[in-house]
Amino acid sequence: EQKEKISVTFVDKDGDEIHIKVPTGMSMLEAAHENDIDLEGKIGKYLFVALDCTLGDLPSLSPVLLRAYFFKWIRLRACEGSIACSTCHVIVMDMDYYNKLEDPTDEENDMLDLAFGLTESSRLGCQVIAKPELDGIRLAIPAATRNFAVDGYVPKPH
Ligand code: FES
C-alpha cells in the first residue's frame, strides 16, 4: 500500500531550494537523510570549524576553553532523533505551517535553546513529522557551521 506523500522544500544556507516528497509519518530528519540533504553538517565540518577557531584563537585559548570546544563538538554530533542534540535544527519559513505542528515538548525546547540562530519558528527536524496538512512546507537549514556554537565563541566572518 502506497503511503501518502507531501511536498517539502528545504532551503539551504545559500538559498538553494531542494524539493522532495516525504511519506506521511516520516520525520524531516529522516527525509533529509534519504535525499542526501545535509541537515546536520558533516562531522568533518565540525572538526574543521573546531580547528579553524582553535588555530585562529590559539594565542588566547586556555586549556579550559579547548576542552569546552572538544566537549561541545562531541555533544553536537547527531543523536539520530533522540532529542539529545540540536544539529537537526530547521526553521519553518511560514508561520501558517509552524502553527500546524504539534507543540514542542520541554525536551525539544531545551535542545533548541542550544541551537545557534534560534528563531520564533525553529524546530528540531527529527520532531517534525510529515502529515497531510504540512503539504508544501518550506524549511530553512541554518548554516551547518553555525551549529558549532561554543559558549562565548563568535564565528569569524570568512
Ligand atoms: Fe538530535 Fe534531532 S537529531 S535532536
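Throughout what follows, the structure given in this document is the object of discussion. Predicted model, so just to flag it, every value in this text is computed and none were measured. (Residues numbered from 1 in each chain as written. Predicted model: local features only at pLDDT ≥ 70, side-chain atom pairs only at ≥ 80, totals over all residues. Heavy atoms only, no water.)

Bringing the packing of aromatic side chains into the picture now. On inspection of all chains with the given rule, the structure shows zero aromatic pairs. Sitting above the plane of the Tyr-97 ring, Lys-100 keeps its charged end 4.7 Å from the centroid. (Phe/Tyr/Trp six-rings, centres within 6.5 Å; stacked < 30°, edge-to-face > 60°. Lys NZ or Arg CZ within 6 Å of the ring centre and 35° of its normal.)

Attention now moves to the nonpolar core. If you look at the biggest cluster of nonpolar residues, it comprises 28 residues, and the most contacted ones within it are Val-8, Phe-10, Val-22, Met-28, Leu-39 and Leu-139. When residues of this core are traced back to their parent elements, those giving at least two are β1 (5-11), β2 (17-23), α1 (28-34), β3 (89-92), α4 (95-98), α5 (106-112) and β5 (137-140). Of all the elements, α1 adds the most residues to this core, at four residues. (Core = buried A, V, L, I, M, F, W, Y, C linked by side-chain atoms within 4.5 Å. Buried < 20%, exposed > 50% of the residue type's maximum accessible area, 1.4 Å probe, protein only. Helix = DSSP H or I, 4+ residues; strand = E, 2+ residues; numbered from the N terminus.)

So, on to a negative patch on the surface. There is a patch of like negative charges on the surface, built from Asp-106, Glu-107, Asp-110 and Asp-113. Relative to the assigned elements, Asp-110 resides in helix α5. (Patch = residues over 30% accessible without salt bridge, like charges linked within 9 Å, V, L, I, M, F, W, Y side chains within 5 Å. Areas by Shrake-Rupley, 256 points an atom, 1.4 Å probe, with all protein chains shown as cover. Salt bridge = Lys/Arg side-chain N within 4 Å of Asp/Glu carboxyl O. Lys, Arg positive; Asp, Glu negative; His and termini not counted. Charge placed at Lys NZ, Arg CZ, Asp CG, Glu CD.)

The next thing to look at is the side chain of Glu-108. For Glu-108, the location among the structural elements is in helix α5. There is a polar contact of 2.7 Å between the side chain of Glu-108 and the side chain of Arg-123. (Polar contact = N/O pair within 3.5 Å; in protein donor to acceptor, adjacent residues only side chain to side chain.)

For the rest of this paragraph, the subject is the sheet that holds β3. Sheet strands associate in pairs through backbone hydrogen bonding, adopting either a parallel or an antiparallel arrangement. Here we have five strands laid out as an open sheet, ordered β2-β1-β5-β3-β4, and mixed in their pairing. The two strands at the open ends of the sheet, each matched to only one other strand, are β2 and β4 (122-124). Adjacent strand axes in the sheet meet at a mean angle of 35°, parallel and antiparallel pairs treated alike. Note that β1 and β2 share seven bridges and pair antiparallel. Counterpart to Val-8 in the pairing with β2 is Ile-20. (Pairing = 2+ DSSP bridges. Axes fitted to C-alpha atoms, helices over the stretch in contact; angles between N-to-C directions.)

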